[in-house]
Amino acid sequence: MLKVGLTGGIGSGKSAVAARLKEHGAVVIDADRLARQVVEPGTPGLAAVVAEFGDEVLLPGGGLDREKVGAIVFADADRLAALNAIVHPLVGERMRELMDAAPADAIVVYDVPLLTENNLAEFYDVVVVVDAPVETQVERLAANRGMSQDASRARIAAQATREARRAIAHHVIDNSGSLDDLKVQVDELWASLVRRAADA
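Cut-off values and rules
- Residues numbered from 1 in each chain as written.
- Predicted model: local features only at pLDDT ≥ 70, side-chain atom pairs only at ≥ 80, totals over all residues.
- Heavy atoms only, no water.
- Helix = DSSP H or I, 4+ residues; strand = E, 2+ residues; numbered from the N terminus.
- Buried < 20%, exposed > 50% of the residue type's maximum accessible area, 1.4 Å probe, protein only.
- Contact = heavy atoms within 4.5 Å.
- Polar contact = N/O pair within 3.5 Å; in protein donor to acceptor, adjacent residues only side chain to side chain.
- Pairing = 2+ DSSP bridges.
- Axes fitted to C-alpha atoms, helices over the stretch in contact; angles between N-to-C directions.
- Salt bridge = Lys/Arg side-chain N within 4 Å of Asp/Glu carboxyl O.
- Parallel < 35°, antiparallel > 145°, perpendicular 65-115°, else oblique.
- Nonpolar A, V, L, I, M, F, W, Y, C, P; charged D, E, K, R; others polar.

A. Representation of the overall build of the chain in the model. Looking only at helices and strands, one finds nine helices and five strands in the chain. With respect to the principal axes defined by its C-alpha atoms, the chain has extents near 50 × 40 × 30 Å. Here the chain holds 200 residues, and 42% of them are scored as buried. Of all intrachain contacts in the chain linking residues separated by at least 6 positions in sequence, the fraction that spans at least 24 positions is 73%.

Below is the structure:
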């Protein structure tokens, strides 16, 4: 099994890279999706978040108001650390379960937004960083998520710098161009991963 850590800043296009790798046959484990699952209504994770942040972070239907939580934690490093202390261990546990279920010869891609921030590079055989200029990230967040410039820049500032990510990368995918450019790079990456897995 080849363990690949895939990361990149918000709006860098990491999801598009993960989707393309999945098309090639990678087993993709999405940390963001798991982070949502572990705080769904009725979970111990949601109960812990409410105990920490109060009932005001709940939607009328009982689910987590992710926008409200985001507004709180991205403006306060201590509150972000408190949230991470709840969610990250639960996500790690679920990741291990999924990894154990993957075939022995699989190329497993872990889509981990905060790989750099949480010093997780050593846990992967290969680290892939999707990189894009900050202005491109801001434009994509406005177009795809309707985020304001201020909100986008606050999220970007709360994450690792481009330089810090690139410093831990075995492969850097430059996603400042077109979708076709991206696909070419991902296809080359996949060929490289297949060779690496065969040599292991």
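B. Quick look at the side chain of Thr-7. Structurally, Thr-7 can be placed in strand E1 (residues 2–8). Thr-7 sits in the buried class, given a relative accessible area of 0%. Polar side-chain contacts of Thr-7 include one of 2.7 Å to the backbone oxygen of Val-112. A polar side-chain atom of Thr-7 sits 3.0 Å from the main-chain carbonyl oxygen of Pro-113. Here Thr-7 is in contact with Lys-14, Val-112, Pro-113, Leu-114, Leu-115, Thr-116, Val-128, Val-129, Val-130 and Arg-165, once residues within four sequence places are set aside.

C. Examining the sheet that holds E1 more closely. On the basis of which strands lie adjacent, the open sheet formed by five strands has the order E2-E3-E1-E4-E5 and parallel pairing. Of all the strands in the sheet, just strand E2 (27–30) and strand E5 (171–174) have a single pairing partner and so form its edges. Across the sheet, the mean angle from the axis of one strand to that of its neighbour is 20°, orientation sign disregarded. Two strands pair when backbone bridges link them, and strand E4 (residues 126–131) and E5 are joined in this way by four bridges, in the parallel orientation. When the sheet's bridge partners are listed, Val-128 is paired in E5 with His-171. Against the sheet, helix H1 (residues 14–24) engages E1, E2, strand E3 (107–111), E4 and E5, with an angle of about 155° to E1.

D. View of the pattern of salt bridges. This structure, assessed with the given rule, holds eight salt bridges. Residue Arg-153 pairs with Glu-135 through a salt bridge whose shortest N-O separation is 3.0 Å. Here Arg-153 is found in helix H7 (residues 149–158), whereas its partner Glu-135 is found in helix H6 (residues 134–145), with 18 residues between them in sequence. With a relative accessible area of 32%, Arg-153 lands in the partly exposed category.

E. Inspection of the environment of Val-127 at higher detail. By the element assignment, Val-127 lies in strand E4. Each C-alpha atom, one on Val-127 and one on Leu-6, is 6.0 Å from the other, the two residues being 121 residues apart in sequence. When neighbours within four sequence positions are excluded, Val-127 is seen to be in contact with Gly-5, Leu-115, Ala-121, Ile-168, Ala-169, His-170 and His-171.

F. Representation of the packing of helix H4 (residues 66–73) against helix H5 (residues 77–101) within the structure. H5 packs onto H4 with a crossing angle of 130° between their chain directions and a minimal axis gap of 7 Å. Between H4 and H5, the angle is such that the two are oblique. Within the contact between the two elements, H4 uses Val-69, Ile-72 and Val-73 and H5 uses Ala-77, Arg-79, Leu-80 and Leu-83. When the residues that make up the contact of H4 with H5 are grouped by side-chain class, the tally is six nonpolar, no polar and one charged.

G. Region of interest: unusual backbone geometry. In this structure, Asn-119 is a non-glycine residue whose phi angle is positive, near 55°. If you trace the backbone, Asn-119 turns up in the loop between E3 and E4.

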